[in-house]
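Now for the letters of each chain:
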Amino acid sequence: MTDLTPDLCDDNPELVRVLEPMLSNFGGREAFFGEIVTVKCFEDNSLVKENLATPGHGRVLVVDGGGSLRRALLGDMIAENALENGWEGVIIYGCIRDVSTISQLDLGVQALSAIPLKTDKRGIGDFNIPVTFGGVTFNPGEYIYADSNGIVVSEEALTETT
């Protein structure tokens, strides 16, 4: 499954949208996919923590962190909680921290970069709204597929992974 996204693009060119190359793999699971759940926040990971503490089986949290490189929106404790709650992965348009620990977890994690600074918890952000970055709009309820080749989004589940 590690070359999932090229196959999906070849087999379903009319059904997929491809994120511009900008994110790197940080999680222990290189390839992952699932139904999209979104959070939009800026240097405040309150909603990230809150949502990854809920059951996530078959889902991927897409976080629009505004591309900030100043604060980490995901750390080891929240990532471990996501894994315990069955999330498939987390895509972050922003930074993470605790990279060594997260790389050992069976969780897909892609982000712009890493930084050791945590966020303040102000409870500010939006949940399950369309978010746009890297030339793609991520709509809650659509499907996301991620691997080392990139990230692909589709309105419907693609048969090869269901």
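Up top you'll find the structure we're talking about.
In short, a report on the structure. Bear in mind that the values here come from a model prediction, so they are computed numbers and not experimental data.

1. Describing the pattern of salt bridges
- Throughout the structure, instances matching the rule amount to 6 salt bridges.
- Here Arg17 and Glu142 are joined by a salt bridge, their closest N and O atoms 2.5 Å apart. Of this pair, Arg17 sits in strand 1 (residues 16-18) while Glu142 sits in the loop between strand 10 (136-138) and strand 11 (143-147); the two residues are 125 residues apart in sequence, bridging distant segments of the chain.
- Classification of Glu142 by relative accessible area gives buried; the value is 9%.
- Between Glu88 and Arg29 there is a salt bridge, with the nearest N and O atoms lying 2.7 Å from each other. Linking Glu88 in the loop between helix 3 (76-84) and strand 6 (89-96) with Arg29 in the loop between strand 2 (24-25) and strand 3 (32-40), this pair joins segments that are 59 residues apart in sequence.
- Classification of Arg29 as buried rests on a relative accessible area of 19%.
- Among the charged side chains, a salt-bridge network with shared partners connects Arg29, Glu88 and Asp106.

2. Side note on the nonpolar core
- Core analysis: the biggest nonpolar cluster contains 23 residues, and Val48, Leu52, Leu61, Val63, Leu74, Ile92 and Ile96 have the highest contact counts within it.
- Elements that contribute at least two residues to this core include exactly strand 3, helix 2 (46-52), strand 4 (59-64), strand 5 (72-74), helix 3, strand 6 and strand 7 (108-114).
- Residue contacts for Leu74: discarding those within four places in its chain leaves Leu52, Ala79, Val90, Ile92, Cys95, Ile96, Arg97, Ile102 and Val109.
- In this structure, Leu19, Phe32, Ile144 and Ala146 belong to the second largest nonpolar core, which totals 15 residues.

3. Looking at the pairing of strand 12 (residues 150-154)
- Across the 5 residues that make up strand 12, a large majority, 5, are buried.
- Because side chains alternate across strand 12, one face comprises the buried residues Gly150, Val152 and Ser154, and the other comprises Ile151 and Val153, equally buried.
- Two elements, strand 1 and strand 12, share 3 bridges in a ladder whose sense is antiparallel. Bridge pairing in strand 12 places Val16 opposite Ser154.
- In this sheet, strand 12 lies alongside strand 11 in antiparallel orientation, the contact comprising 5 bridges. Bridging from a neighbouring strand, Tyr145 pairs with Val152 of strand 12.
- With antiparallel pairing between neighbouring strands as the criterion, strand 11 and strand 12 make up a hairpin whose turn holds 2 residues.

4. Considering the packing of aromatic side chains
- This structure, assessed with the given rule, holds 3 aromatic pairs.
- A ring pair is formed by Tyr93 and Phe133, whose centres lie 4.7 Å apart and whose planes are at 0 degrees; its orientation type is stacked. Linking Tyr93 in strand 6 with Phe133 in strand 9 (residues 131-133), this pair joins segments that are 40 residues apart in sequence.
- On the basis of relative accessible area, Tyr93 is assigned to the partly exposed category, the value being 22%.
- Using a relative accessible area of 3% as the deciding quantity, one classes Phe133 as buried.
- An aromatic cluster is defined as three or more aromatic residues linked by ring pairs; in this entry it consists of Tyr93, Phe133 and Phe138.

Parameters at a glance
- Along every chain, residues carry numbers that run from 1 in the direction the sequence is written.
- It should be noted that, the model being predicted, local features are given only for residues of pLDDT at least 70 and side-chain atom pairs only at 80 or more, the latter also being counted only at that level, while totals for whole chains, interfaces and linings use all residues.
- Each side-chain value is worked out from all heavy atoms of the structure, with water and hydrogens disregarded.
- Whenever Lys or Arg places a side-chain nitrogen within 4 Å of a carboxyl oxygen from Asp or Glu, that contact is recorded as a salt bridge.
- The helix and strand labels rest on DSSP assignments: H or I over at least four residues marks a helix, E over at least two residues marks a strand, and numbering proceeds from the N terminus.
- Relative accessibility under 20% of the residue-type maximum defines a buried residue, over 50% an exposed one, and the middle range a partly exposed one, all with a 1.4 Å probe and only protein chains included.
- Take the buried Ala, Val, Leu, Ile, Met, Phe, Trp, Tyr and Cys residues and link them wherever side-chain atoms come within 4.5 Å; each set so joined is a nonpolar core.
- Contact between two residues is taken to exist if any of their heavy atoms lie within 4.5 Å; hydrogens are not considered.
- For two strands to be treated as a pair, DSSP must find at least two bridges joining them.
- The rule is short: rings of Phe, Tyr and Trp, with Trp giving its six-membered ring, pair when the centres are within 6.5 Å, and they are stacked under 30 degrees, edge-to-face over 60, tilted in between.

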